[in-house]
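Examination of the molecular architecture
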Amino acid sequence: GMQSHLQALLSLYKLFCPEQVTITLPGKMKTYFKNSEGPWKAAITAVRQRNQGISPLSQAVFLGTSQPQSRKRKWNAQLVIPASSTYTKHLEEVRGKNRLCLCSTKVSFPVEQLQTFPQLLQNIHRLEFPSQMGSVLTSPLLLHYMNCVKDESIYLRLYYWMGQMLQEECTWCVVDNPNEEEFKSFLESIYKAECFLQEGFSACEEFLYKTLPLWDGFCCRSEVLRLVSWIPPNNFSDIKSYLYDPLAQLFFTSSIYFKCSVIESLKQLLQNWLNCNLIQVDSDFSS
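Residues numbered from 1 in each chain as written. Predicted model: local features only at pLDDT ≥ 70, side-chain atom pairs only at ≥ 80, totals over all residues. Heavy atoms only, no water.

Put simply, the rule is: UniProt positions are given in the numbering used here, feature names are shortened, and annotations may be inferred rather than shown by experiment.
Going by what an unreviewed UniProt entry lists, the protein chain is known as CENPI protein and is assigned to Pomatorhinus ruficollis. Here is the UniProt Sequence similarities (unreviewed entry) comment for the protein chain, exactly as written: "Belongs to the CENP-I/CTF3 family."

Structure follows, in structure tokens:
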């Protein structure tokens, strides 16, 4: 059966090789591969190293006896659309067997060649999402397709990828992370995608609930408050504990500008909730 620890392991596989896990996994489950004390331990270690002087490792790097490894980025500012994994494998089979051609109706339309809305309409039944779901965020055509298909597996793939990226790249949870501008650009891409879809991402909601207690109210301020405005309607007790309480601590100790920014964000959050509720009422009335 689907035991919780097996679901967690399958979700980890699905994060790195989504095409290998075809079953549908629940969107919210207990996190098994997580160390909640990670940010605090990293911060304490950084303070110790700073107070004790240069560590042997950093001294070796400074003297040139050790070559520091560059931190590989899992995404870039453009989030370029790669070829889908299934399409790439299919092309290799076609070249090897030399039996099929790209004009066949059985061949998936490559998403990296999708440029116009008429192309989307003509090939909507032959499209396949790319192997890297992050590229969907900056493609209005793929967001249109995502909104039209309403496939749960698509949202799950995006949920796994986005949750992992937000956790690894958060500049106020990762000590000495110099890539604040890239992280800002990443949060801005998420916000624009949410505005396009007119709904918030559950992975982004969980990220805000986990990291707002650690947030200083300054790093990526405008981007974070914009994402707050798209938190989907939820249980009020959760909203109060994970959203209002951390913001209240910053609200009463910050400048007038920050107070106004928080009020504006909560006002937009309420407006989005009302719009969502209005759409739901209209849908129930029409049905």
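1. Considering the overall build of the protein chain
This is how it is decided: Going along the chain from the N terminus, every DSSP run of H or I of four or more residues is numbered as a helix, and every run of E of two or more is numbered as a strand. Classification of residues uses two cut-offs on accessible area relative to the type maximum, computed with a 1.4 Å probe and protein chains only: under 20% is buried, over 50% is exposed, and between them is partly exposed. Any two residues whose heavy atoms approach within 4.5 Å are treated as being in contact. Accessible areas in this description were obtained via Shrake-Rupley with a 1.4 Å probe; residue shielding takes into account the shown protein chains only.
A count of helices and strands for the protein chain gives 12 helices and zero strands. Taken from the N to the C terminus, the helices and strands of the protein chain come in the order α-α-α-α-α-α-α-α-α-α-α-α. When burial is assessed residue by residue, the protein chain has 35% of its 287 residues classed as buried. When contacts within the protein chain are restricted to residue pairs at least 6 apart in sequence, long-range pairs at least 24 apart make up 66% of them. A total accessible area of about 17900 Å² is found for the protein chain, and carbon and sulfur atoms account for 56% of it.

2. Quick look at the nonpolar core
For soluble globular proteins, the rule of thumb is that nonpolar side chains tend to be buried together. What counts is decided by this rule: We define a nonpolar core as any set of buried Ala, Val, Leu, Ile, Met, Phe, Trp, Tyr and Cys residues linked to one another through side-chain atoms lying within 4.5 Å.
Met162, Trp172, Phe201 and Trp215 are the most contacted members of the largest nonpolar core, which totals 56 residues. Going through the elements one at a time, α6 (140-149), α7 (152-169), α8 (180-197), α9 (202-211), α10 (221-228), α11 (236-251) and α12 (256-286) are the ones with two or more residues in this core. The contacts of Met162, once residues within four sequence positions are left out, are Leu137, Ile190, Phe201, Ala203 and Cys204.

3. Side note on the packing of α6 against α8
Under the convention used in this document: Orientation is described by axes fitted as lines to C-alpha atoms, over the contacting stretch for helices, and by angles from 0 to 180 degrees between their N-to-C directions. Throughout, the term roughly parallel applies to angles under 35 degrees, roughly antiparallel to angles over 145, roughly perpendicular to angles from 65 to 115, and oblique to all others. Each crossing is labelled by how the near helix is turned from the far one, with a counterclockwise turn of less than a right angle marking it left-handed and a clockwise turn marking it right-handed.
Running from N to C, α6 and α8 point in directions that differ by 50°, and their axes come no closer than 10 Å. Judged by the inter-axis angle, α6 sits oblique to α8. At the point where α6 passes α8, the crossing takes the right-handed sense. The residues of α8 that touch α6, namely those facing Pro140, Leu143, His144, Met146 and Asn147, are Ala193, Phe196 and Leu197.

4. Comments concerning the environment of Pro26
Structurally, Pro26 is set in the loop between α1 (4-16) and α2 (38-52). For Pro26, a relative accessible area of 30% translates into the label partly exposed. Along the chain, Pro26 and Ser11 lie 15 residues apart, while their C-alpha atoms are 9.2 Å from each other. Those residues in contact with Pro26 that lie beyond four places of it in its chain are Gln7, Leu156 and Tyr160.

5. Here we look at the confidence of the model for the protein chain
Using the following cut-off: As a per-residue measure, pLDDT tells how confident the predictor is, with possible values from 0 to 100.
Here the protein chain averages 76 in pLDDT, and 71% of its residues register 70 or above. When pLDDT is averaged over each helix and strand of the protein chain, the minimum, 37, is found for helix α3 (residues 56-63) and the maximum, 94, for α10. Of the regions scoring below 50 in pLDDT, residues 54-78 engages in 23 contacts with residues more than four places distant in sequence or in other chains. Contacts from residues 98-105, a stretch scored under 50 in pLDDT, to residues over four places away or in other chains number 11 contacts.

6. Description of unusual backbone geometry
Unusually for a residue other than glycine, Gln198 sits at a positive phi of about 60°. Summarising the element assignment, Gln198 is placed in the loop between α8 and α9. A residue is classified by how much of its surface remains accessible, and Gln198, at 53% relative accessible area, is exposed. One non-glycine residue, Cys220, adopts positive backbone phi at about 50°. Cys220 sits in the buried class, given a relative accessible area of 1%.

7. Here's the deal with the pattern of salt bridges
Put simply, the test is: By salt bridge we mean one thing: a side-chain nitrogen of Lys or Arg within 4 Å of a carboxyl oxygen of Asp or Glu.
A complete count under the given rule lists three salt bridges for this structure. Close ionic contact of Lys184 with Glu180 constitutes a salt bridge, the shortest N to O distance being 3.9 Å. Highlighted residues: Lys184 and Glu180, both in helix α8, separated by four residues, approximately one helical turn. Take Lys184: its relative accessible area is 23%, and that puts it in the partly exposed class. For Lys240, the salt bridge goes to Asp245, with nearest N and O atoms at 3.5 Å.

8. Structural notes on the environment of Thr24
Among the secondary structure elements, Thr24 is positioned in the loop between α1 and α2. Classification of Thr24 as partly exposed rests on a relative accessible area of 47%. Residues within four places of Thr24 in sequence aside, it is in contact with Lys14, Glu152 and Leu156.

9. Remarks on the packing of α8 against α10
For any two helices packed against each other, one specifies the inter-axial angle together with the distance between the axes. We count it as follows: In this count, Pro and Cys sit with the nonpolar residues alongside Ala, Val, Leu, Ile, Met, Phe, Trp and Tyr, while Asp, Glu, Lys and Arg are called charged and the others, Gly among them, polar.
It is at 9 Å that the axes of α8 and α10 come closest, and there the two elements cross at 25°. Here α8 is positioned roughly parallel relative to α10, judged by the angle of their axes. Judged by the twist between their axes, the crossing of α8 over α10 is left-handed. Contact residues: Lys184, Leu187, Glu188, Ile190, Tyr191 and Glu194 in α8; Glu223, Val224, Arg226 and Leu227 in α10. When grouped by side-chain class, the residues that make up the contact of α8 with α10 number five nonpolar, no polar and five charged.

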